[in-house]
Amino acid sequence: MKGTKPLSMEYRWGQVVASDGVRAMMESALTARDRVGVQDFVLLENYTSEAAFIENLRKRFKENLIYTYIGSVLVSVNPYKDLEIYTKNHMERYRGVNFYEVSPHIYAVSDNAYRSMRTERKDQCILISGESGAGKTEASKKILQYYAVTCPASEHVQTIKDRLLQSNPVLEAFGNAKTLRNDNSSRFGKYMDIQFDFKGAPVGGHIINYLLEKSRVVHQNHGERNFHIFYQIIEGGEEDLLRRLGLERNTQQYQYLVKGNCPKVSSISDRSDWKVVRKALTVIGFNDDEVEELLNIIASVLHLGNVQYSEEESYTHITSDIQIKYLARVRLN
Ligand SMILES: Nc1ncnc2c1ncn2[C@@H]1O[C@H](COP(=O)(O)OP(=O)(O)OP(=O)(O)O)[C@@H](O)[C@H]1O
């Protein structure tokens, strides 16, 4: 067939015959497919076999290909290491491109939802599920980052984008903790909606939290921690702040922080995380008084945990005056 140079094929006697170059290309594609598996499970020959499914995942994972489709569903395997696949260049590569034209990626799913919303003018939903430590929180952050970079922006929109992004460190400080399975495990469910205007720019959003594991405040299993915020204030809080809150810079002093016998975690820097959270509180709209009130409540929980009682002539007395002094200062509405 003349004029089909790029594919370099010839039509002879009703057959398509590949030239040497094309044959080599097809063979190398087949070898590559053998090595890296298929990028969509629906292309698996033995698509009903669980073993074939796992083997395909394993092959891809070995090549640092953590994403695979099942049709329009994205399967992701946590690499537990930084892969260079979340750069701005990657975002550009997926922007406005059809789902199946590029290799599977969380950005492709994000872009597809965004474009469907704009073209169909209908709300879209991305559901992320998996066991603890699977990478759900990270995936949701990648989606937000993708929208923050690729959606149209104005000064007002930039503020919204900043708030959307900065809501994460605050949510994680108050709702995440180290568990045996995940150093940064979300101890709550999250429903987040982002609203866009007719030009496709983000103009607002809601985050609804549910099923927060409140019991963790008073008890942690061995090897686990309380919510990050307690350690962040103690490790990172300025001297002045700690004095006002009546806190000591030693997590071991607080009953609610010693149950799990795990004050430090190598993958977490409470001190620098505190700086991020303090800044984020301002970005998402808390003024200084509100922050102070919030921190007073956090400190009062720690003081409450240290309150001690004694029994005297069938009366119960509180023997820890310092804790009562700081607790009394907290305005509980
Ligand atoms: N795409 C990724 N690339 C590199 N590391 C990742 C990725 N996704 C997750 N991780 C690593 O795995 C850890 C656990 O992931 P994440 O907190 O997102 O899990 P999760 O599914 O939200 O867990 P949980 O249900 O306990 O909150 C992260 O702290 C990070 O170190």
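Residues numbered from 1 in each chain as written. Predicted model: local features only at pLDDT ≥ 70, side-chain atom pairs only at ≥ 80, totals over all residues.

In the annotation of an unreviewed UniProt entry, the entry for the chain reads Unconventional myosin-Ic, and the organism field reads Goodea atripinnis. Of the comments in the UniProt record for the chain, the one headed Subcellular location (unreviewed entry) reads "Cytoplasm". (UniProt positions renumbered as here; feature names shortened; annotations may be inferred.)

As for helix H5 (residues 136-150)
With 15 residues, H5 should cover 21 Å at 1.5 Å per step; its first-to-last C-alpha distance of 21 Å lies within 8% of that length. Among the residues making up H5, those that are buried are Ile143, Gln145, Tyr146 and Tyr147. Those residues of H5 that are buried are in contact with helix H3 (88-94), helix H4 (106-120), strand E7 (189-196) and strand E8 (202-210). (Helix = DSSP H or I, 4+ residues; strand = E, 2+ residues; numbered from the N terminus. Expected span 1.5 Å × (residues − 1). Buried ≥ 20, exposed ≤ 12 C-beta atoms within 10 Å, placed from the backbone. Contact = placed C-beta atoms within 7 Å.)

A word on the environment of Glu92
Among the secondary structure elements, Glu92 is positioned in helix H3. When the C-alpha atoms of Glu92 and Val149 are compared, they prove to be 9.2 Å apart, with 57 residues separating the residues in sequence.

Points about the packing of H4 against H5
Direction vectors running N to C along H4 and H5 enclose 55°, while the axes themselves pass 9 Å from each other. Here H4 is positioned oblique relative to H5, judged by the angle of their axes. The way H4 lies across H5 gives a crossing that is right-handed. When H4 is examined against H5, the residues Ile106, Tyr107, Ser110 and Tyr114 are found in contact with a partner set consisting of Ala139, Lys142, Ile143, Tyr146 and Tyr147. By residue class, the composition of the contact of H4 with H5 is seven nonpolar, one polar and one charged. (Axes fitted to C-alpha atoms, helices over the stretch in contact; angles between N-to-C directions. Parallel < 35°, antiparallel > 145°, perpendicular 65-115°, else oblique. Left-handed = near helix turned anticlockwise from the far one by under 90°. Nonpolar A, V, L, I, M, F, W, Y, C, P; charged D, E, K, R; others polar.)

Looking at the confidence of the model for the chain
On average, the chain scores 89 in pLDDT, and the residues at 70 or more come to 89%. Confidence drops under pLDDT 50 across residues 1-17; counting only partners more than four residues distant or on other chains, this segment forms 15 contacts. (pLDDT = per-residue confidence, 0-100.)

A look at the UniProt feature "binding site: ATP" (unreviewed entry) in the chain
Annotation from UniProt places "binding site: ATP" (unreviewed entry) at Gly130, Glu131, Ser132, Gly133, Ala134, Gly135, Lys136 and Thr137. When you line up the elements, Glu131 lands in the loop between H4 and H5. Taking the C-beta count within 10 Å as the criterion, Glu131 has 8 such neighbours and is therefore assigned exposed. Inspection of the secondary structure assignment puts Lys136 in helix H5. Classification of Lys136 by C-beta neighbours within 10 Å gives partly exposed; the count is 17. Contact partners of Lys136, with chain neighbours within four places excluded, come to Ile128 and Gly130.

Details of the site of the ligand
Around the ligand, 18 residues are found, and the nearest of them are Gly135, Thr137, Glu138, Ser185 and Ser186. Elements with a minimum of two residues in the shell around the ligand: H5 and strand E6 (185-186). Residue contributions to the shell around the ligand peak at three residues, all from H5. The residue makeup of the shell around the ligand includes at least three contributed by each of domain 2 (39-150) and domain 3 (152-333). (Near = placed C-beta within 6 Å. Domains from an automatic or database assignment.)

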